[in-house]
Amino acid sequence: MNAPLTSLQQRSVLRRLLSSEATGGVLLMITAALAIILANSPAASAYQHLLHLAVGPTLTEKLGPMTVHLWINDGLMAVFFLLVGLEIKRELVDGRLASWEQRRLPALPALMGMATPALIYLAVSNGQPELASGWAIPAATDIAFAVGALALLGRHAPLSLKVMLVSVAIIDDMGAVAIIALFYTSSIDLMALAGAGAVVGLLLAFNRLRVVALWPYLLAIMVLWYFTLLSGVHATIAGVVGALLIPYRPGTGQPSGASPLLRLEHSLAPWVGFLIVPAFGFVNAGVSFGNLSLGDLFAPLPLAIALGLLLGKQLGVFAGVLLAVKSGLASKPQGASWLQIYGVAMLCGIGFTMSLFIGELAFPGQPEKVDAAKIGILLGSLLSAVIGCLILRLAPMPKH
């Protein structure tokens, strides 16, 4: 009796995920476009003033007073990563990534889709060590933007391709989290890190005691965020760590509301999709093109990022799917042609949210490089979106 209930819950969660991500992706496109318009209008100075407006105390001397930009990038984005962590845990426990058989297809294209853009970035920016820290910028896929683009295509994108895209993007998110934790962590404050460790121990104790109320976990995660911010590890990592320690016990025959993880995930998804991700796009996408020349577009940094997203993602993801299927490691997505799979691989080059986030971490205190990175991200993501949508729109529907 338990299996049908679990399967039904999984399908319900998938439908909600796809619909919320798709709508959130469209909203992200709108707010990002608004940011670009403002940054290139007479209101540009007011836009910049809003981003750097101090609206809170100094939580750490390294960051200084908390501004609108900092609250969104270091605060609200921790909630975004909390949701990412909840989705990852659920998928690994009893979702589309619960068994090794289910992980085979998305794992290989996801890994190759992260490595290939990084290699292209390093090749194009070769000889400029000051740019080396940006290698991970084109390695990530923006799940909201990509699923939003798929949603606009309707029947031209089979459900199997949407499931593949979401699965690849979830593994991609795992890689992005690991990259941020390992490569974009500044000097460590051991006392603060010990405090974070103590909070993790408290969360583990809640699990052992089978605490199912959400508020103790949420309070502990807020404290964990603060200690992580002080420690030098990027504060958003607290969201992922906290998410992995929220209880999820599937297959019990209980309604989904009985699981703390599902309750929190369903509560957070609308806020993340309709507020946090669009707000992030609004404060990070604004880049001025007023003094931009053709030479600026082909400068090593934006060119390396744009080519990493446009070429690296499609080559890595498509080659990964092809290798997995032809080797017998995994089955081809049902009801999808190779041309449609290639179109989805192209959409994986939309690196918007994660790429912008990593770009800020890669070049701290270097606004010129951050702006150059934004140009490359916007160019590579836009071309990937347009070309990917055209391929899927024009691809013949497979005959059944």
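Residues numbered from 1 in each chain as written. Predicted model: local features only at pLDDT ≥ 70, side-chain atom pairs only at ≥ 80, totals over all residues. Heavy atoms only, no water.

Asker: Tell me about the nonpolar core, and name the residues and values.
Answerer: Membership of the largest hydrophobic core comes to 117 residues, with the highest contact counts inside it found for Phe80, Phe81 and Phe352. Apart from residues no more than four positions distant in its own chain, phenylalanine 80 is found in contact with Val272, Ile276, Val277 and Met354. (Core = buried A, V, L, I, M, F, W, Y, C linked by side-chain atoms within 4.5 Å. Buried < 20%, exposed > 50% of the residue type's maximum accessible area, 1.4 Å probe, protein only. Contact = heavy atoms within 4.5 Å.)

Asker: Please set out the pattern of salt bridges residue by residue, giving values where relevant.
Answerer: One pass over the full model with this rule turns up three salt bridges. The shortest N-O distance in the salt bridge between arginine 90 and glutamate 91 comes to 3.0 Å. There is no split in this pair, since arginine 90 and glutamate 91 are both buried. Through salt bridges with shared partners, a single network forms among Arg90, Glu91 and Glu265. (Salt bridge = Lys/Arg side-chain N within 4 Å of Asp/Glu carboxyl O.)

Asker: Any details on the side chain of serine 125? Residues and values, ideally.
Answerer: Counting through the fold element by element, serine 125 comes out in the loop between helix H4 (100-124) and helix H5 (143-153). Overall, serine 125 belongs to the buried group, its relative accessible area being 4%. Looking at serine 125, its side chain comes within polar contact range of the main-chain oxygen of tyrosine 121, at 2.8 Å. Setting aside chain neighbours within four positions, we find serine 125 in contact with Leu131 and Ala304. (Helix = DSSP H or I, 4+ residues; strand = E, 2+ residues; numbered from the N terminus. Polar contact = N/O pair within 3.5 Å; in protein donor to acceptor, adjacent residues only side chain to side chain.)

Asker: Would you mind going over the packing of aromatic side chains in detail, with residue names and values included?
Answerer: Here the structure, examined in full by the defined rule, presents 11 aromatic pairs. With centroids separated by 6.4 Å and ring planes inclined at 20 degrees, the aromatic side chains of tryptophan 71 and tryptophan 225 adopt a geometry described as stacked. One end of the pair, tryptophan 71, is in helix H3 (residues 68-94); the other, tryptophan 225, is in helix H8 (residues 214-231), with 154 residues separating them in the sequence. When its relative accessible area of 30% is taken as the criterion, tryptophan 71 is described as partly exposed. Ring geometry for phenylalanine 280 against phenylalanine 357: centres 6.1 Å apart, planes inclined by 50 degrees, an arrangement best described as tilted. With phenylalanine 280 in helix H10 (residues 260-284) and phenylalanine 357 in helix H14 (residues 352-362), the pair connects residues that are 77 residues apart, well separated along the chain. Phenylalanine 357 gets classed as buried once you look at its relative accessible area, which sits at 2%. Members of the aromatic cluster, joined through ring pairs, are Phe80, Phe81, Phe280 and Phe357. The ring of tryptophan 100 carries the charged tip of arginine 103 above its face, separated from the ring centre by 4.7 Å. (Phe/Tyr/Trp six-rings, centres within 6.5 Å; stacked < 30°, edge-to-face > 60°. Lys NZ or Arg CZ within 6 Å of the ring centre and 35° of its normal.)

Asker: So what about unusual backbone geometry? Which residues, and what values?
Answerer: Trans peptide bonds make up most of the peptide bonds, and negative phi angles are found at most residues other than glycine. Here the phi dihedral of arginine 210 falls at roughly 55 degrees; this positive angle occurs in a residue that is not glycine. Owing to a relative accessible area of 57%, arginine 210 belongs among the exposed residues under this scheme.

Asker: I'd like to hear about the pairing of strand S1 (residues 54-58), residue by residue, with values.
Answerer: Pairing of S1 with strand S2 (residues 65-67), which is carried by two bridges, proceeds in the antiparallel orientation. Across the sheet, the residue bridging to alanine 54 is threonine 67, located in S2. (Pairing = 2+ DSSP bridges.)

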